[in-house]
Amino acid sequence: MFKLNTTIRTSLKLALFLLATPYLASAANHTISSLEELMALATQDGNEITMTPGTYSARDYLTPELLAAVGTNLDKSKEKRPPSPILTFSGSDNVYNLEGVTLEVDTRIYDDISLDGYPRFVFINGHRNQIKGLTIRYIGPNQGTNGNCLTLWGDHNELTDVSLYVHGSSPY
């Protein structure tokens with residue numbers, strides 16, 4: 001059996017530490033209390049985000065300009081009906097502590113978006129994210145988009161204690 005001497009072991013430990021240092025230095029803890037803050041951090045990497053418990057209305061966050069942008073610039077060269085995300089979590093290596101957080105989605109919002117692609121309300125296409133404790137609750141008329149509420153697109157994402165209360169699917 002090969003036995004490493006103390007100098008080599010110390011050098012290996014130092015090399016591993018130096019490789020991990022940029023990631024450790026870039027990780028930050030954030031406590032937030034709005035969808036604006038959540039969505040701004042959702043594009044970044046390596047953060048721990050804790051959202052203040054409460055009910056947050058998607059309608060309050062999604063301005064007419066944001067809604068008008070949904071479904072624009074879709075690349076249909078590979079797919080006839082490509083994903084058309086509304087709220088995108090594109091960052092990687094994040095931890096989202098959302099215990100006690102409810103995202104309320106008024107289904108009338110779907111009247112204000114393009115249905116050109118495949119609407120996906122929450123679209124997680126980053127990698128190695130953890131989402132803990134989120135509740136998504138649809139309110140309003142029993143209408144949908146022929147899309148879906150939540151999509152995990154990236155690799156090695158984890159949902160824990162996430163609840164979905166949705167309606168609007170057809171013919172169900």
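Thresholds, definitions, all that
Residues numbered from 1 in each chain as written. Predicted model: local features only at pLDDT ≥ 70, side-chain atom pairs only at ≥ 80, totals over all residues. Heavy atoms only, no water. Phe/Tyr/Trp six-rings, centres within 6.5 Å; stacked < 30°, edge-to-face > 60°. Helix = DSSP H or I, 4+ residues; strand = E, 2+ residues; numbered from the N terminus. Buried < 20%, exposed > 50% of the residue type's maximum accessible area, 1.4 Å probe, protein only. Lys NZ or Arg CZ within 6 Å of the ring centre and 35° of its normal. Contact = heavy atoms within 4.5 Å. Pairing = 2+ DSSP bridges. Axes fitted to C-alpha atoms, helices over the stretch in contact; angles between N-to-C directions.

Undergrad: What am I meant to see in the packing of aromatic side chains here?
TA: In this description, a pair of aromatic rings is defined by centroid distance and the angle of the planes. Per the counting criterion, the structure on display carries 4 aromatic pairs. When the ring of Tyr-110 is compared with that of Phe-121, the centres are 6.3 Å apart and the planes differ by 85°; the resulting orientation is edge-to-face. Taken together, the residues span a long stretch of sequence, with Tyr-110 in the loop between β6 (101-106) and β7 (118-124) and Phe-121 in strand β7 at a distance of 11 residues. Just as Tyr-110 is buried, Phe-121 falls in that class too. Aromatic side chains Phe-123 and Trp-153 sit 5.4 Å apart centroid to centroid with 50° between the ring planes, which places their arrangement in the tilted category. Pair noted here: Phe-123 is in strand β7 and Trp-153 is in the loop between β10 (148-152) and β11 (158-160), with a separation of 30 residues, a long-range link. When its relative accessible area of 6% is taken as the criterion, Phe-123 is described as buried. Three or more aromatic residues link up through ring pairs in this structure, and these residues are Tyr-110, Phe-121 and Tyr-138. Positioned above the aromatic ring of Tyr-118, the side-chain terminus of Arg-81 is 4.6 Å from the ring centre.

Undergrad: For this particular structure, what's the right way to read the environment of Leu-150?
TA: Here Leu-150 shows up in strand β10. Those residues in contact with Leu-150 that sit more than four places away from it in its chain are Val-122, Ile-124, Ile-136, Leu-159 and Leu-164.

Undergrad: I keep staring at the side chain of Thr-151 and nothing clicks. Help me out?
TA: You can see Thr-151 is positioned in strand β10. When residues no more than four places from it in sequence are discounted, the contact partners of Thr-151 are Arg-120, Val-122, Phe-123 and Ile-124.

Undergrad: What's the story with the sheet that holds strand β3 (residues 54-57) in this structure? I'm lost.
TA: In any sheet, the strands associate via hydrogen bonds between backbone groups, in a parallel or an antiparallel arrangement. An order of β3-β6-β9-β12 is seen for the 4 strands of this open sheet, with the pairing classed as parallel. In this open sheet, the two strands that pair with only one neighbour each are β3 and β12 (163-165). Taken over all neighbouring pairs, the strand axes of this sheet differ in orientation by 20° on average, direction set aside. Pairing geometry for β6 and strand β9 (residues 135-139), over 5 bridges, is parallel. Looking across to β9, one finds that Asp-106 is bridged to Ile-139.

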